[in-house]
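The chain contents come next:
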Amino acid sequence: MQLIKPDVNVDFIGKRKIAFALSVILILVGIVSLIVKGGPSYGVDFAGGTLVQLRFTEDTNAEQIKKVLIPAVLSSATVQQFGDNANEFLVRAKESNVDGLRNHILQALGAHYGADNVDLRRIEMVGPQVGQELRQQGLMAVLYAMIGILVYVTWRFELVFALGAIVALVHDVLLTLGAFSLFGKEIDLPVIAAFLAIVGYSLNDTIIVYDRIRENTGKHLSSGFAATVNLSINETLSRTILTSTTTLLVVLALFLFGGAVIHNFAFALLVGVVVGTYSSIFVASPLLITWAEHKGASK
Amino acid sequence: MSNSIKLRGLLVLFCLAMALVSLAPTFMKDSLPNWWQNAFDPIHLGLDLQGGMHLVLGVEVEKAVESRLDSVVDQMESMLRDEDIIFKRVERLSGERMAITVYDESAGAEVDAMIRNKFPNLEPMTLATDGGYIQKDYRFSAKEIKNIKDYAVRQALETMRNRVDQFGVSEPVLQRQSDNRILIQLPGIKDPQRAIELLGKTARLEFHMVVENVDPQQAVKGILPAGTKLLYERHVDERTKAVTETPLVVYKKSALTGDLLSDAQVRIDTRFNEPYVAIDFNSVGAQRFDQITAANVGKRMAIVLDDTIYSAPNIRERISGGSAQISGSFTEQEATDLAIILRAGSLPAPVKILEDRTVGPSLGHDSIDQGINSVLIGAFIVVLMMAIYYRGAGLIANGALVLNLVFIMAMMTMFKATLTLPGLAGIVLTVGMAVDANVLIFERIREELRHGKSARVAIDSGFAKAFVTIVDANITTLIAALVLFQFGTGPVKGFAVTLSVGIIASMFTAIFVSRLIFDLFLDGRQVKKLSI
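Here the structure is a predicted model, which means the values were calculated and not measured. (Residues numbered from 1 in each chain as written. Chains lettered and ligands numbered in written order. Predicted model: local features only at pLDDT ≥ 70, side-chain atom pairs only at ≥ 80, totals over all residues.)

Q: So what's going on with the overall build of chain A? Residues and values would help.
A: The helix and strand tally for chain A stands at 10 helices and four strands. Listed N to C, the secondary structure of chain A is α-α-β-α-β-β-α-β-α-α-α-α-α-α in terms of helices and strands. C-alpha extents for chain A along the principal axes are approximately 80 × 45 × 30 Å. Per-residue burial for chain A yields a buried fraction of 47% across its 299 residues. (Helix = DSSP H or I, 4+ residues; strand = E, 2+ residues; numbered from the N terminus. Buried ≥ 20, exposed ≤ 12 C-beta atoms within 10 Å, placed from the backbone.)

Q: Tell me about the interface of chain B and chain A, and name the residues and values.
A: Interface size, as often reported, equals the accessible area lost upon joining of the parts. Across the contact, 58 residues belong to chain B and 58 residues belong to chain A. Listed by contribution, the elements that provide at least two residues to the side of chain B that touches chain A are α7 (192–200), β18 (351–359), α11 (361–414), α12 (421–450), α13 (455–487) and α14 (490–522) of chain B. Per-element accounting of the side of chain B that touches chain A gives the leading share, 15 residues, to α11 of chain B. Partitioning the side of chain B that touches chain A into residue classes produces 35 nonpolar, 15 polar and eight charged. (Contact = placed C-beta atoms within 7 Å. Nonpolar A, V, L, I, M, F, W, Y, C, P; charged D, E, K, R; others polar.)

Q: Talk me through helix α10 (residues 332–344) of chain B; I want residue IDs and the actual numbers.
A: All names here are of chain B. Given a rise of 1.5 Å per residue, 13 residues ought to cover 18 Å, and the 18 Å separating the end C-alpha atoms of α10 matches this to within 8%. Within α10, burial applies to Ala335, Asp337, Leu338, Ala339, Ile340, Ile341, Leu342 and Ala344. In this fold, the buried residues of α10 make contact with α6 (142–167), α7, β9 (205–209), β13 (261–269) and β14 (274–281). Gly345 sits one or two positions beyond α10 and adopts a positive phi of about 95°. (Expected span 1.5 Å × (residues − 1).)

Q: Any details on the domain arrangement of chain A? Residues and values, ideally.
A: Per the domain assignment, the segments of chain A are domain 1 (13–43 + 130–298) and domain 2 (49–126). Between the C-alpha centres of domain 1 of chain A and domain 2 of chain A there is a distance of 39 Å. (Domains from an automatic or database assignment.)

Q: Explain the sheet that holds strand β4 (residues 97–102) of chain B to me, using residue names and the numbers behind them.
A: Residue and element names in this part refer to chain B. Reading across the sheet, the four strands line up as β3-β4-β6-β5 and stay open at both edges, with antiparallel pairing between neighbours. The open sheet terminates on both sides in strands that have one partner only, identified here as β3 (87–93) and β5 (122–130). On average, each strand axis in the sheet is inclined to that of its neighbour by 20°, with strand direction left out of account. The sheet contact formed by β5 and strand β6 (residues 133–140) spans seven bridges and is antiparallel. Residue Leu122 lies in a different strand from β6, and its bridge partner there is Phe140. Against the sheet, helix α4 (residues 61–82) makes contact with β3, β4 and β6, and its axis sits at roughly 170° relative to β3, the strand it touches most. Sitting on the sheet, helix α5 (residues 105–118) touches β3, β4, β5 and β6, and the angle it makes with β6 is about 15°. (Pairing = 2+ DSSP bridges. Axes fitted to C-alpha atoms, helices over the stretch in contact; angles between N-to-C directions.)

Q: Account for the nonpolar core, with residues named and values stated.
A: Ranked by size, the top nonpolar core spans 157 residues in total, and within it Leu196 and Leu269 of chain A together with Leu484 of chain B carry the most contacts. The element best represented in this core is α11 of chain B, accounting for 20 residues. The residues touching Leu269 of chain A, leaving out its near neighbours within four places in the chain, are Ala194, Ala197, Ile198, Val251 and Leu254 of chain A together with Leu429 of chain B. Within the second largest apolar cluster, 75 residues are counted, among which are Ile189, Ala195, Ile326 and Ile341 of chain B. (Core = buried A, V, L, I, M, F, W, Y, C linked by C-beta atoms within 7 Å.)

Q: Help me get a handle on the confidence of the model for chain A, residues and values and all.
A: Taken over all residues, the pLDDT of chain A has a mean of 87, while the share at 70 or more is 98%. Predicted confidence in chain A is weakest over helix α3 (residues 62–72) of chain A, with a mean pLDDT of 83, and strongest over helix α1 (residues 16–36) of chain A, with 94. (pLDDT = per-residue confidence, 0-100.)

Q: Could you give an account of the packing of α6 of chain B against α7 of chain B, naming the residues involved and the relevant values?
A: Residues and elements named next belong to chain B. Where α6 meets α7, the closest approach of the two axes is 9 Å, and the angle between their N-to-C directions is 145°. Every pair of crossing elements has a handedness; the one defined by α6 and α7 is right-handed. Counted together, Met160, Arg163 and Phe167 of α6 and Ala195, Leu198 and Leu199 of α7 form the full contact between these two elements. When its residues are assigned to classes, the contact of α6 with α7 shows five nonpolar, no polar and one charged. (Left-handed = near helix turned anticlockwise from the far one by under 90°.)

Below, the structure is given as structure tokens:
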């Protein structure tokens, strides 16, 4: 079976200005959302605070739980229904280091709902200092990964290729960050892991096109660099689409069936795979041409 | 069959056999002989999958320095008295300093000599003369402070290990993290609150004589004679369990401390049927206890744990046996835990909970189910797509994919890596990306075939050309995964592990194993048309 005809020749390069504009608009939308909402919304891992996952045997609602918890233990608690079950809830609070937090929660809720009807499934408490450190480490990790990649790609290809790849990566991370802000999702440790996976995945895609450009540059000198790049994108298009589809489908499986605990993580991957595929075709490779033209013009 | 194929085939079979051998204990634990189970552990599940508690405790090392300084202050005071040096006061000041105030130069010189002699790691700081006094400041050398802090963390770790051992948790992890932090992981713990109370208590046991001639009510208002301090005695009402606190003034200086304990046991008081903790002093402690009780018959002695008075019994007679009891309307579990921490010893400094992540067993179980489901569903989709898209060659890729999953799991057991929920997600992601290598190869082979090359030549050059691309593309992902491994903790590290292992395994299966299958298929046959 073949989805992409072997002699396909879509003019990706010719449409690069439209693609750049689209990217810039989408990134701006994300940035505006980030500014309006006062920065990314961090989960307890990075902001510090307490997260409690509760399950009840009987039906209840977020308002009711809030009424019980706020006076008793966590004055800043917000309560949200969580996952697929109507009787499962997530409580978030700014407080950390509440003495005897578990007992207080269980006593307060137990008194209202009956002790056997409440299951405290998960508690995550992160002190403000640790949160800040983790935030910094997370940022450093993304930076280090990019530097490592920059060095490797420069070594294997050329600096221009490495810069193109990095711009594409920053593009991907910014878009995913914007999507998180738009959809009101929280950034926690696993999401940073997902960001790094996106960085890896997007790069994987970019390298494969670059590799073909490198190979073709020797062969088709006559037709010019832009045509070579376009040809390379087209030649690898079949692979790009097939791999992206398989990856997207498995990530979709993770998003739908992986459970609420890693929902945000799966969401990041989902956005990242789409954006990463787009960027290797429409950002990373066309940038090489913009660069070459710029160099040609300045000569 | 050519020798090369035979050799490569043997290698793959050997890897597969090793993988299956190492995985066997994970899937059929009980039916295997002991040596087998001992050689390979079942896959180790992270706390987020098996349920358990992850704590990071910060040791407040500054407090350890302060308390060391306090003890130097105490010793200096009694030494100055013994030497008949007249002094105004010895005190600990903020900023980890000790100040000794004397009246004249000669006393000052004697103090200096004494410090040089007895406390060589104290260094003089400033000298202030003011209205007939000379105040001399000392502090610990930077090296000494570092030692004290370091020792405090090591000691705290040791004490916590003792406590956890006595608490009875299987496979606990206790590690010193950077500087003054201690990481504790307690898998499958049933009662997290109890664990926190057990681990977080400083458990500094002290005996203070009660100052009888001061009205505690006055002390509450802030009128406190020098050398005394105000503490509260804790009472628990037997029926309502309500805790009340009564103020009591005690001498600042403790008469005896818990360092001199040799044992602590839970006993039941037969009169009230109430548990209490019986403590035994070691020989030094017994002797001092004997002296103190002899000198203070008729007075009250407060038993203080972490600045809370548990009881303040009247000393009715001299006690020479070296044993005492702490009663304080405990429940049986409270008494048991108190005995545990007294036996395990006190922490050199208080600890603070910096991070607490606890997952209940039911959630962990759900996560495993959901994680495995998504791996299976993801794998099924990919297998289907490859078979439809590449037909015969797709089957080879699918074989490689299954082998890839087996190898990932096997490498996890061999490296004793921990499988976490993000780790399972990493496997899902790898399943999607693993076929990439095969896709690259197959697309190349198709291209070569289109250029009119024969099946054998197309396969040869397809593999050769795709090889560089695969390596370059995967190494960059590997760089991201390694950075993640360095940075991550717990669950995130688990993701980095499965991702890296998955990449390595997929390179092996795609490049080596599928090539072998192609070669086997072509061997000794004239293949005109490839199913690809």
